[in-house]
Amino acid sequence: MVSTLWKVEPVTGLFSIFYYQYRQKGLSRPEALRDAQVRLRTISGEGLHQLCDLIIKKLNGKLLKVQGEKEELKLRQKSYKRGKVEYKELKDKLLGIVKPESKIQEEIEWYKGMSKQFSAMPNPFDDLIYWSGFICQGLH
């Protein structure tokens, strides 16, 4: 299990991305933890900006997919009258899409803000408060 000793904002998401990238490369949990900490500590503002842009592009792709599903459901819903069971089922599905859509939009805005706030800094997360609070427990 990977956890933190204190609240590590705004970098928890970035750390998680780095950590799981290293795990996918076959590193053990302690090795992935160490390398993710080093990467977080040494990422430049420009590197952060580029990473945020990549993440935003992926999130925009997810958002377009969700919005496409939403539009498809709306079109299908129009073929039924309001009192019909099918209409109500589609309405429930539409309501279920609103939350993921909003979450993706919030994530996009968060990464835009992160990029804007830190991209001009040489190493925005080199202070140990950002990277040293992550710990790994359990088996290797």
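Reading the values: the criteria
- Residues numbered from 1 in each chain as written.
- Predicted model: local features only at pLDDT ≥ 70, side-chain atom pairs only at ≥ 80, totals over all residues.
- Heavy atoms only, no water.
- Helix = DSSP H or I, 4+ residues; strand = E, 2+ residues; numbered from the N terminus.
- Expected span 1.5 Å × (residues − 1).
- Buried < 20%, exposed > 50% of the residue type's maximum accessible area, 1.4 Å probe, protein only.
- Contact = heavy atoms within 4.5 Å.
- Patch = residues over 30% accessible without salt bridge, like charges linked within 9 Å, V, L, I, M, F, W, Y side chains within 5 Å.
- Areas by Shrake-Rupley, 256 points an atom, 1.4 Å probe, with all protein chains shown as cover.
- Salt bridge = Lys/Arg side-chain N within 4 Å of Asp/Glu carboxyl O.
- Lys, Arg positive; Asp, Glu negative; His and termini not counted.
- Polar contact = N/O pair within 3.5 Å; in protein donor to acceptor, adjacent residues only side chain to side chain.
- Phe/Tyr/Trp six-rings, centres within 6.5 Å; stacked < 30°, edge-to-face > 60°.
- Lys NZ or Arg CZ within 6 Å of the ring centre and 35° of its normal.

Visitor: I'm lost on helix H3 (residues 45-78) in this one. Help?
Guide: Residues three or four positions apart in an α-helix share a direction because the helix packs 3.6 residues into each turn. Between its first and last C-alpha atoms H3 spans 48 Å; for 34 residues at 1.5 Å apiece the expected length is 50 Å, and the two agree. Within H3, the full set of buried residues consists of Gly45, Leu48, Leu51, Cys52, Ile55, Ile56, Leu59, Leu63, Val66, Lys70, Leu73 and Gln77. Against helix H1 (12-24) and helix H4 (85-118) lie the buried residues of H3.

Visitor: I keep staring at a nonpolar patch on the surface and nothing clicks. Help me out?
Guide: A surface patch of nonpolar side chains, about 300 Å² in accessible area, is lined by Leu5, Trp6 and Ile129. Along the chain, the position of tryptophan 6 falls in the loop between strand S1 (2-4) and H1. A relative accessible area of 34% places tryptophan 6 in the partly exposed class.

Visitor: What exactly am I supposed to notice about the side chain of arginine 29 here?
Guide: As for its position among the elements, arginine 29 is in helix H2 (residues 29-42). Glutamate 31 provides the closest opposite charge to the buried, unpaired arginine 29, separated from it by 11 Å. Of the polar contacts made by the side chain of arginine 29, one reaches the backbone oxygen of glutamine 137; its length is 3.1 Å.

Visitor: Looking at this structure, how should I read the pattern of salt bridges?
Guide: Pairing between side chains of opposite charge can happen when the charged atoms of each approach one another. Taken as a whole and assessed by the stated rule, the structure comprises five salt bridges. When the shortest N-O distance is used, the salt bridge between lysine 70 and glutamate 101 registers 3.0 Å. Of this pair, lysine 70 sits in helix H3 while glutamate 101 sits in helix H4, placing them 31 residues apart in sequence. Accessibility classification places lysine 70 together with glutamate 101 in one group, the buried group. Note that lysine 74 is salt-bridged to glutamate 71, the shortest N-O span being 3.7 Å. Taken together, the positions of lysine 74 and glutamate 71, both in helix H3 and three residues apart, correspond to about one turn of that helix.

Visitor: Please clarify how the environment of leucine 128 should be interpreted in this entry.
Guide: As for its position among the elements, leucine 128 is in helix H5 (residues 128-131). Given the relative accessible area of 52%, leucine 128 is considered exposed. Distance in space between the C-alpha atoms of leucine 128 and leucine 33 is 14 Å, their sequence separation being 95 residues.

Visitor: Mind showing me how you'd approach H4 here?
Guide: The end-to-end C-alpha distance of H4 is 51 Å, a good match for the 50 Å that 34 residues give at a rise of 1.5 Å each. Listing the buried residues of H4 in full gives Tyr87, Leu90, Leu94, Ile97, Glu101, Ile104, Ile108, Tyr111, Met114, Ser115 and Phe118. Looking at the buried side of H4, the elements it contacts are H1 and H3.

Visitor: Help me understand the packing of aromatic side chains in this model?
Guide: By convention here, two paired aromatic rings are described through the distance between centres and the angle between planes. Scanning all chains against the criterion turns up six aromatic pairs. A centroid spacing of 3.7 Å and a plane angle of 10 degrees characterise the contact between phenylalanine 15 and phenylalanine 134, whose relative ring orientation is stacked. Remark: phenylalanine 134 occurs in strand S2 (residues 134-136) and phenylalanine 15 occurs in helix H1; sequence separation between them is 119 residues. Residues phenylalanine 15 and phenylalanine 134 agree in their burial class; the two are buried. Pairing phenylalanine 125 with tyrosine 130 gives two aromatic rings, centres 5.1 Å apart and planes at 75 degrees, and the pair type is edge-to-face. Each member of the pair, phenylalanine 125 as well as tyrosine 130, is classed as buried. What links up through ring pairs into an aromatic cluster is the set Phe15, Tyr19, Tyr20 and Phe134. Seen from the ring of tryptophan 131, arginine 41 lies directly overhead, with NZ or CZ sitting 4.8 Å from the centre.

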